Amino acid sequence: MGNQLKFIQGNEVCVEAALYAGLDFYAGYPITPSTEVAEHMAKRLPQIGGKFLQMEDEIASVCAIVGASLTGHKVMTATSGPGFSLMQEGLGYAIMAEIPCVIVNVQRGGPSTGLPTGPGQGDVLQARWGVHGDHSIIALTASTHQDVFEMTVHAFNMAEMFRTPVILLFDEVIGHMREKLIIPEEGEIQVVDRLRTSVKAGVDYHPYLPREDGRLPMSDFGSEHRYNVTGLFHDMWGFPTGNPGVVHELLRHLNDKIKNNAETITRYKEYYLEDARTVLISYGCSARSALHVVENRRARGERLGLLELQSLWPFPYGLVEEKCAMARQIVVVEMNMGQITRAVKRAVPEPERVVLANRIDGVFITPTDIKNILRLFQGKGV
Amino acid sequence: MAVKDYIRERFFPHLWCPGCGHGIVLNSLLRAVEQLGMSKNEIVMVSGIGCSSRISGYVDFHTLHTLHGRALAFATGVKMSKPELNVIVPMGDGDALAIGGNHFIHAARRNIAMTALVMNNRIYGMTGGQYSPLSGYGCQATTSPFGNIDYSFDIAELAKAAGATYVARTTTYHAKQMTEMIRDAVLHDGFSVVEILTQCPTYYGRRNRLGDAAEMMDWYKSHTTPIGSKAKEENPSLIERGVFVQRDKPEYCTEYDKVIEKARGGQA
């Protein structure tokens, strides 16, 4: 299968993976470094009879995909930095109204318009808390093109399974880098389809009444069941209410459905952790350099290991605690001022063992950068 | 079907103030749908935020109550993903033209087949009476205690310039005309806009000493005139009612079908 082997950009991988997962509707707005996602979608979607829309801004883009999801389609938008800020309103709506969708943020250096063509990982906490109000969120990431493919499919699966938006938090390095990709055969990665109601026409359908397992079967706009969808607190029919009991239950449900399924959502990779005394924790492009350092030091007999996180939210506290149990030192490698470092410190019993190795100047963190930082920590000087 | 078969009785009484014009709009809208003879399953109503947007909760269609100003953006996703659905988008004047102004002109520019109903009461009612982009120079509102210095949009002119292919204006006094316009707008194959002047006696009327609901509706009768009438020539301050634009232009979803055909090398 020669055509299954590609040498392409990460942004293009994301498009191919979304199509593999069953996407057939995309709306977006051009912004560096995510634009290639829109460009490839514009070409690929009509080829399969899907729809591509270039909207007037990122606000409209996220709103349009929510509308299209309600008619029964798998949907996505992609953006970067300032565009992700604009999408927070629609993201909150999708959380509240429980509409499956995937939002890609190919991170650049920020805040504000920041460094449009420079890499950064500064949107990790915005992904978690950018939306106002108490809520839960799923955010996934990847460090190689093969993983971009897998995590994109996983994002669609989680969105459909839990009726929620899922954020794919890539970065400029991953988005623009060209690397080998082997497109999996059909069926090689499981694709989860939407759970639709079995309630018959004429029988009262409750779009917001969770089943015992917490899942809510949907009904497409245009089919027999007509119901209301709103961003206000709502009852089981989707009609606005301020009833304190209903409000409480809904907010609990929105948070619990993610929290109680953290194991299904969590994805990670580990390298040489069995006997590691120094554990590096990293994700996205930074994990590439971290892995290089670990392999290099292992060759010299140093007991280094790497825990690569592929799901950032919900944060896998238990996993991090378990994998770091034997570590004398935990070094978090990320391209921000310690956004995941904070979470790692909360996860381990001795937070003073956790240190940050970072770059925040818009330049990709290299293995040499990490090695130098490790030497400083070890008191050896650069 | 009777008009009452199109409403969700379970969710009444509605939240509009006594004398509010929005109930008349709901009535005319339902009569238009009745005349169209469409199945309730074929209609999606998408609304934003404000008094006007609550109309979607009361009708027994597929209803999507969205974010302030964003109704047309959500509606574009619904229509584009399932073009066979009829999409009706009721909005307030602030909703459609302040926070939603950008979405409004771009939906018009694309000429996507949806019907925007702009329920223009010239005020932000739900937040208690602040001036909107349609309040008018000199009006009184809670945020213009010394008189408003903002000039208004002309919704019909704006819609026309942005590319809407059906543009009409009426008032709550002219309920039968409103029904006809909504019916024609829904049937129109392109982006249609119906501006409806609807009274807010609670905030706009009271602050600007325009009297009660009946007096405000009477004002609609005496201060509006059919497009191009002799009365307009004699008194240019009269507001014109009627259909400003009704023309054929390729519709967006249909155009995209051609894109799909090209992408597939001529195979639909």
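The rules we used
- All chains use their own residue numbering, which begins from 1 and follows the written sequence.
- To read the labels, note that chains go from A and ligands from 1, taken in the order they are written.
- Reporting of local features is limited, given that this is a predicted model, to residues whose pLDDT is at least 70; pairs of side-chain atoms are given and counted only at 80 or more, and all residues count toward the totals for whole chains, interfaces and linings.
- With hydrogens and water set aside, each side-chain value is computed from the structure's full complement of heavy atoms.
- Under the scheme used here, helices are H or I runs from DSSP no shorter than 4 residues and strands are E runs no shorter than 2 residues, and both carry numbers assigned from the N terminus.
- Per-residue accessibility, obtained with a 1.4 Å probe over protein chains only, is compared with the maximum for each type, and a residue is labelled buried under 20%, exposed over 50%, and partly exposed between these values.
- The contact definition used throughout considers only heavy atoms, calling two residues in contact when any of these lie within 4.5 Å.
- All accessible-area figures derive from a Shrake-Rupley calculation using a 1.4 Å probe, and residue coverage is judged against the displayed protein chains alone.
- Residues scored as charged are limited to Lys and Arg (positive) and Asp and Glu (negative), so that His and the chain ends carry no count.
- Every charge is mapped onto a representative atom, which is NZ of Lys, CZ of Arg, CG of Asp or CD of Glu.
- Convention adopted: a line fitted to C-alpha atoms gives each axis, helices being fitted over their contacting stretch, and angles between N-to-C directions are expressed from 0 to 180 degrees.
- Angular relationships are summarised with four words: roughly parallel below 35 degrees, roughly antiparallel beyond 145, roughly perpendicular across 65 to 115, and oblique for the angles in between.
- Classification used: nonpolar for Ala, Val, Leu, Ile, Met, Phe, Trp, Tyr, Cys and Pro, charged for Asp, Glu, Lys and Arg, polar for all others including Gly.
- Between any two strands, pairing holds if DSSP finds at least two bridges.
- Definition of a polar contact: a pair of N or O atoms within 3.5 Å, with one able to donate and the other able to accept a hydrogen when the atoms are protein atoms, and with sequence-neighbouring residues admitted only if both atoms are side-chain atoms.
- A simple way to read buried area is as the amount of 1.4 Å-probe accessible surface that goes missing from two parts once joined, with both sides added.
- Salt bridges, as used here, are contacts in which a Lys or Arg side-chain nitrogen is within 4 Å of a carboxyl oxygen on Asp or Glu.
- An automatic or database domain assignment is the source of the domain bounds shown.
- In this scheme, patches are assembled from residues that exceed 30% relative accessible area and form no salt bridge. Like charges are connected within 9 Å, while nonpolar side chains (Val, Leu, Ile, Met, Phe, Trp, Tyr) are connected within 5 Å.

Asks: Quick one: what's the story with the overall build of chain B, residue by residue and with numbers?
Replies: Scanning chain B for helices and strands turns up 11 helices and 10 strands. Considering only C-alpha atoms, chain B reaches an extent of 65 × 45 × 35 Å along its principal axes. Within chain B, buried positions represent 57% of all 268 residues. A sequence separation of at least 24 residues applies to 66% of the contacts in chain B between residues at least 6 apart. On chain B, roughly 10900 Å² of surface is accessible, and the fraction owed to carbon and sulfur atoms is 53%. In chain B, 28 positive and 26 negative side-chain charges are present, and the distance between their average locations comes to 3 Å.

Asks: Kindly report on the packing of helix α5 (residues 101–110) of chain B against helix α6 (residues 155–162) of chain B, identifying the contributing residues and their values.
Replies: Residue and element names in this part refer to chain B. Direction vectors running N to C along α5 and α6 enclose 50°, while the axes themselves pass 7 Å from each other. Considered as vectors, α5 and α6 are oriented oblique to each other. Facing α5, whose interface residues are F104, I105, A108 and R109, α6 presents I155, L158, A159 and A162. Across the contact of α5 with α6, the residue classes tally to seven nonpolar, no polar and one charged.

Asks: Please provide a residue-by-residue account of the sheet that holds strand β12 (residues 304–309) of chain A, values included.
Replies: Residue and element names in this part refer to chain A. Here we have five strands laid out as an open sheet, ordered β10-β12-β11-β14-β15, and mixed in their pairing. Each edge of the sheet is formed by a strand with only one pairing partner; in this case those strands are β10 (268–271) and β15 (354–358). The sheet shows a mean angle of 20° between the axes of neighbouring strands, taken without regard to direction. By the bridge criterion, five bridges tie strand β14 (residues 329–334) to β15 in an arrangement that is parallel. Pairing of I330 across the sheet is with V354, part of β15. Along the sheet, helix α11 (residues 284–299) makes contact with β10, β11 (278–282), β12 and β14, crossing β12 at roughly 160°. Against the sheet, helix α13 (residues 339–347) makes contact with β11, β12, β14 and β15, and its axis sits at roughly 155° relative to β14, the strand it touches most.

Asks: Please set out helix α1 (residues 10–20) of chain A residue by residue, giving values where relevant.
Replies: Residue and element names in this part refer to chain A. Across the 11 residues that make up α1, a large majority, 11, are buried. Taken together, the buried positions of α1 are G10, N11, E12, V13, C14, V15, E16, A17, A18, L19 and Y20. Once α1 ends, the next one or two residues include G22, with phi positive near 105°.

Asks: Please provide a residue-by-residue account of the environment of Q199 of chain B, values included.
Replies: All names here are of chain B. Summarising the element assignment, Q199 is placed in the loop between β8 (192–197) and α8 (201–207). Measuring from C-alpha to C-alpha, the distance between Q199 and Y173 comes to 9.6 Å, with 26 residues separating the pair along the chain. Once residues lying within four places of it in the same chain are set aside, the contact partners of Q199 are G19, C20, G21, I24, N121, T172, A213, M216, M217 and Y220. For Q199, the side chain forms a polar contact with the side chain of T172, separated by 2.7 Å.

Asks: Which residues make up the interface of chain A and chain B, and what values do they have?
Replies: Between chain A and chain B, the contact holds 42 residues from the first and 39 residues from the second. Buried area between chain A and chain B, both sides added, is near 3400 Å², and the carbon and sulfur share of it is 60%. In this assembly, chain A and chain B are joined by four salt bridges. E89 of chain A is paired through a salt bridge with R70 of chain B; the nearest N and O atoms lie 2.9 Å apart.

Asks: Please provide a residue-by-residue account of the side chain of D93 of chain B, values included.
Replies: Residues and elements named next belong to chain B. Along the chain, the position of D93 falls in helix α4 (residues 93–99). We note that D93 is buried and unpaired, the nearest opposite charge coming from R122 at a distance of 7.1 Å. At a separation of 3.3 Å, a polar atom in the side chain of D93 contacts the main-chain amide nitrogen of R122. Apart from residues no more than four positions distant in its own chain, D93 is found in contact with A98, V118, M119, N120, N121, R122, I123, S132 and L134.

Asks: Tell me about the environment of Y26 of chain A, residues and numbers included.
Replies: All names here are of chain A. Counting through the fold element by element, Y26 comes out in strand β2 (residues 23–28). Taking the relative accessible area as the measure of exposure, Y26 reaches 1% and is therefore buried. Residues Y26 and V75, 49 residues apart in the sequence, show an inter-C-alpha distance of 5.7 Å. One polar contact links the side chain of Y26 to the main-chain amide nitrogen of A78, over a distance of 3.2 Å.

Asks: Tell me about the domain arrangement of chain A, and name the residues and values.
Replies: All names here are of chain A. For chain A, the assigned domains are domain 1 (2–182) and domain 2 (269–377). Put simply, the middle of domain 1 and the middle of domain 2, counted by C-alpha atoms, are 26 Å apart. Summed over both partners, the interface of domain 1 with domain 2 comes to about 2000 Å²; 58% of that surface belongs to carbon and sulfur atoms. At the surface where domain 1 touches domain 2, the tally comes to two salt bridges. A salt bridge links R288 to E179; its shortest N-O distance comes to 2.7 Å. Between domain 1 and domain 2 we count 17 residue pairs in polar contact (both at pLDDT 80 or more) in total. Where the side of domain 1 that touches domain 2 is concerned, the elements lending two or more residues are α6 (124–129), β6 (138–140), α7 (145–162), β7 (165–171) and α8 (172–176).

Asks: Let's hear about a negative patch on the surface: which residues, and what values?
Replies: Residues and elements named next belong to chain A. There is a patch of like negative charges on the surface, built from E150, E185, E186 and E188. Within the element layout of this structure, E186 appears in the loop between β8 (178–182) and β9 (228–230). A residue is classified by how much of its surface remains accessible, and E186, at 81% relative accessible area, is exposed.

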